[in-house]
Amino acid sequence: MQRIGVPEKFGEGFSQWFEWIIREAEIYDYGRYPVKGTGIWLPYGFKIRRHVLELIRSLLDETGHEEILLPLLIPETLFRKESEHVRGFEDEVLWITRGGYEELDVKLALRPTSETALSYMESFWIKSYKQLPKKYYQIVSVFRYETKMTKPMIRVREVTTFKEAHTLHEDFNDCERQVAEAIKIYSRFFDELAIPYLVTRRPQWDKFAGALYTIAFDTVFPDGKAVQIGTVHNLGQTFTSVFDVKIQKRDESIDYAWQTSYGISERVIATIVAFHSDERGLVLPPDIAPYQVVIIPIPHSNANVFKMINERCDSIADLLIKSGVRVHIDRREDMKPVEKFFEWELKGVPIRIEIGYKEIQNSTVTVFRRDTMKRKAVGVEELMQELKKDFDEVRRSIELRAWNWLKSNIRIVSKLHDALKIVRSEGGIVLLPWCGNELCVRRLIEGEEGIEALGELHRESLVRLDVKLASPEVECGFCGKRASTFMAIAKRH
């Protein structure tokens, strides 16, 4: 049963619900700082953010990526060197034009992304194939003058959690190998977070500015709109040719190096909130929850008994901490236990342990699972073993629920008019058989306000969703020619 006064999570009320949950769970303060499109990470949200970043760092580090930190400022002379890149970002760049009272000789861009800055430096650093492949990444703020309606974490002007990886390679084949590795890294990342996703190859008109092509990870929010949560770009020699990043190859010839880049942002955390929640609040995966266990001492009128309860809470906390569990004991005396229960359910702590006089007498604790909202008595001796099992079950249950949601919001139809009807009325992602000609898609989609072609379904998603054409004779849903794959269409945030 939904609490009175809590906005509805699904449908048109999603935006209101999302702002309610990030405020009430003390994740992110948005809209009150006097700069449009900026938000502030609050302590509880910052802890979630930190665990998410620790995960992506570990995945990148173990695959040979090295973390760096590039300057925030990019001179206009560098930024404008690659014309296609400039056209793609020109209307989004924030410029610094003055220092104190003096006009700057060269305008400085607040980085919208770092391909230009890093390519310039790579022209000094990299000279031979022996240094390759080179894989860099950084986690920084980027700035984009978002002109559409801004939304907390989803569409902002300062992206505060921008992980951008940039790689350099000897040839096209190694570049393609890196794209495949990046897709695997992101698949592992989203799988660990129990976030369901669809992988597509973006249409050429919707690729990253300067890329040969773009691979994107999308999901569907509870309002039925698709959200891009990660991208991978094969940049070819676009930037290296402009910034003169030349290498000696194995055959001793000289050529421009090849590049990829791939990024994620705080949309990942927005997606965690959107998926891993219910009418009572968050339901966080144990791996990223700020506290995996919260312990609630149940007050007793007898001071000596209450002292014993608190001592038992301390001993249980010590046991869990030694086992690597993140624990918090809520000793606030001005709140009733039931009030604490509601608060920690709102904040999505996976496991709650209640300890009162009954538990002291029986040498047990009461364990409450946030995902099932069920309690059970567990002996102190068996607690650690039981918690490990519970953590695994919590993660599996929320992953299953999230993937079931996404799959229920992906439909396959044969004709464009049926697809458009579904997207307009119900939302979600619709897959249409497609011949592979982008012109037949663009011509028909461009006139549909708010509906976009996400792209060709990538083999990663064809396998994951077990999607295939019914027969070799299936017709393209856009032009009627023979289809060879699927095109995904949806409304997008």
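The notes below deal with the structure included here.

### What about the sheet that holds strand β4 (residues 73-75)?
Now for step 1: The sheet built from three strands is open, its strands ordered β4-β6-β5 with antiparallel pairing. Only two strands of the sheet have a single partner each, and these edge strands are β4 and β5 (94-99). With strand direction ignored, the average angle separating the axes of adjacent strands in the sheet is 45 degrees.
Now for step 2: Strand direction decides the pairing type here: β5 and strand β6 (residues 102-110), joined by five bridges, are antiparallel. In the strand pairing of β6, Trp-95 is matched with Ala-109.

### Describing helix α10 (residues 337-346)
Now for step 1: Looking only at α10, the buried set comprises Lys-340, Phe-341, Trp-344, Glu-345 and Leu-346.
Now for step 2: One or two steps after α10, the chain reaches Gly-348, where phi turns positive at roughly 80 degrees.

### Here's the deal with the sheet that holds strand β25 (residues 485-491)
Now for step 1: Across the sheet, which stays open at both edges, the 11 strands sit in the order β3-β7-β8-β14-β11-β10-β9-β24-β25-β23-β22 with mixed pairing between neighbours. Lying at the two open borders of the sheet, with one neighbouring strand each, are β3 (66-67) and β22 (410-412).
Now for step 2: In terms of strand pairing, strand β8 (residues 158-169) meets strand β14 (residues 258-264) through seven bridges, oriented antiparallel. Note that in β14 the partner of Thr-167 across the bridge is Thr-260.
Now for step 3: Strands β10 (213-220), β11 (226-236) and β14 of the sheet are contacted by helix α8 (residues 267-275), whose axis makes an angle of about 150 degrees with β11.

### So, the pattern of salt bridges
Now for step 1: For the structure on display, the rule yields 44 salt bridges.
Now for step 2: Between Lys-246 and Asp-244 there is a salt bridge, with the nearest N and O atoms lying 3.7 Å from each other.
Now for step 3: Its salt-bridge partner being Glu-354, residue Arg-352 comes within 3.0 Å of it at the nearest N-O pair.
Now for step 4: On the accessibility criterion, Arg-352 (3% relative accessible area) is buried.
Now for step 5: The exposure class assigned to Glu-354 is buried, which follows from its relative accessible area of 8%.
Now for step 6: Put simply, Arg-369, Asp-371, Lys-376, Glu-386, Lys-389, Asp-390 and Glu-393 are held in one network by salt bridges that share partners.

Parameters and conventions
- Within every chain, residues take consecutive numbers counted from 1 along the sequence as written.
- Reporting of local features is limited, given that this is a predicted model, to residues whose pLDDT is at least 70; pairs of side-chain atoms are given and counted only at 80 or more, and all residues count toward the totals for whole chains, interfaces and linings.
- Based on all heavy atoms of the structure, the side-chain values leave hydrogens and waters out of the count.
- Strand pairing is assigned whenever DSSP identifies at least 2 bridges connecting the two strands.
- Put simply, DSSP marks the helices as runs of H or I at least four residues long and the strands as runs of E at least two long, and each gets a number from the N terminus on.
- An axis is simply a line fitted to the C-alpha atoms; with a helix, the fit covers only the stretch in contact. Between two such axes, the angle follows the N-to-C directions and lies from 0 to 180 degrees.
- Residue exposure (1.4 Å probe, protein chains only): buried if accessible area is under 20% of the type maximum, exposed if over 50%, otherwise partly exposed.
- Any pair of residues with heavy atoms lying within 4.5 Å of one another is described as a contacting pair.
- By definition here, a salt bridge exists when the distance from a side-chain nitrogen of Lys or Arg to a carboxyl oxygen of Asp or Glu is within 4 Å.

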